Amino acid sequence: MDHLPPQTTNPDSANPTKMKGIAFLEFSAEPEFGMESIFTNFGFSKTSKHRSHKVEAFQQNSILFLLNQDRGFAGQFRDAHGPSASGMGFWVEDAKFAHQEAVKRGARPFDPTETTKAAYDLPAVYGIGDSLIYFVDDPKAFFEKEFAPHDAPIEVEQKGFEFIDHLTNNVHKGTLGQWSDFYTEIFGFTKVRYFDIRGDETGLFSYALRSADGSFCIPINEGTEEKSQIEEYLREYKGPGIQHIALSSSNLLSSLDQMEGTGVEFLDIDDEYYASVFNRVPNVSEDHAHIRRHNVLVDGDEHGYLLQIFTKNIIGPIFFELIQRRGHDAFGEGNFGALFRSIERDQRRRGVL
Ligand SMILES: [Fe+2]
């Protein structure tokens, strides 16, 4: 594994679209898919609905998920991809400026026809797999203008997820550089890491990119052979897209305690994993037995550590990661081998390998 040095600050000049963070993620699925219970299992309450489109808002702390069941752009997107992540909102200083700047730098402007209109009154460009990147300069005003309190809200106890830590993209073999350039040259993301990961039979290359405002990361994966989990994703999703969304909790074990009984399934891990992990990462202050009971993965160094766990595929081939950072801003590289083997076991069970 080869690591580029972590970058912590980024001057204004390197934040060309004046990004401030993620305002929302948009998902698209038919009602019978049951996205609503997935979101509520993770502690998102259904709070609001769009004033003129079939879009519902699910919220937990500062995270906003929009579930779009309308036709228009999202309808066409799910016709092509099935249950999917159809768009994300970048929070920027000035939406109009950000859109112009992104287009000037090579982004393709969203150009809807009568049947592919978006649900929101926001400028947008095409992103990964022709999903949409919307620009929002005042997330609160946008939400109040376009959404109203839901007439049949579902309130659940929040489960401690506070923000989106990262969202990872899977891309076709040979296009990692191109997609990395997309985020770096148009939006000023910086490369923070490069990985070359081998499982028992398959592998992947990955770049981790940090947003210009520093608030979240987009790692990008490219598979190395036909049977790899990345290529499997690309076949199932019918193109590149979001592979997983990592939600941050400041107390992951408590979050997982609260998720018990919801039926959310997590990846298993090597039997021998816990024989060595607490030697490798010695400063973990959480109860080791509690970590082990939840199959939580641990990674870090002498300065800090992280706890993480991965669900099985849950929205088509998309899955969630749940993560708690304690002074460690990597992505669990020490676990990639164990994780990769776990996914290979799952692939073998499903007859893919
Ligand atoms: Fe991740």
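Relevant structure appears above.
Description of the structure in this document. (Residues numbered from 1 in each chain as written. Predicted model: local features only at pLDDT ≥ 70, side-chain atom pairs only at ≥ 80, totals over all residues. Heavy atoms only, no water.)

1. Digging into the layout of surface pockets
Next up, step 1: In this structure, the largest pocket occupies an estimated 470 Å³ of space.
Next up, step 2: Forming the boundary of the largest pocket are 20 residues, of which Ile22, Ala23, Ser62, Ile63 and Leu64 lie nearest the centre.
Next up, step 3: Elements with a contribution of two residues or more to the lining of the largest pocket: β1 (19–28), β4 (63–68), α4 (139–146) and β9 (161–171).
Next up, step 4: The element best represented in the lining of the largest pocket is α4, accounting for 5 residues. (1 Å grid on protein atoms, 1.4 Å probe; cavity = no way out; pocket = protein on both sides within 12 Å on 5 of 7 lines; lining within 4 Å. Points joined across faces, edges and corners; volume = space filled by probe spheres on them. Helix = DSSP H or I, 4+ residues; strand = E, 2+ residues; numbered from the N terminus.)

2. A look at the coordination of the iron ion
Next up, step 1: Donor atoms from the polypeptide that coordinate the iron ion comprise His166 (NE2), His244 (NE2) and Glu321 (OE), at 2.0 to 2.2 Å from the metal.
Next up, step 2: In the primary sequence, the donor residues of the iron ion line up as H-x77-H-x76-E. Note that His166 is positioned in strand β9 and His244 in strand β13 (residues 241–249), a separation of 78 residues in sequence. (Donors = N, O, S within 2.8 Å, 3.2 Å for Na, K, Ca; no water.)

3. A word on the sheet that holds strand β10 (residues 190–198)
Next up, step 1: The mixed open sheet is built from 8 strands, whose spatial order is β10-β11-β12-β9-β13-β16-β15-β14. Only two strands of the sheet have a single neighbouring strand rather than two, namely β10 and β14 (297–300). Strand-to-strand, the axes of this sheet are offset by a mean angle of 25 degrees, without reference to chain direction.
Next up, step 2: Bridge analysis of β14 against strand β15 (residues 305–310) gives 4 bridges, and the strand direction is antiparallel. Residue Asp299 lies in a different strand from β15, and its bridge partner there is Leu306.
Next up, step 3: On top of the sheet, helix α7 (residues 252–259) reaches β9, β13, β15 and β16 (319–326); it is set at about 145 degrees to β16, its chief contact. (Pairing = 2+ DSSP bridges. Axes fitted to C-alpha atoms, helices over the stretch in contact; angles between N-to-C directions. Contact = heavy atoms within 4.5 Å.)

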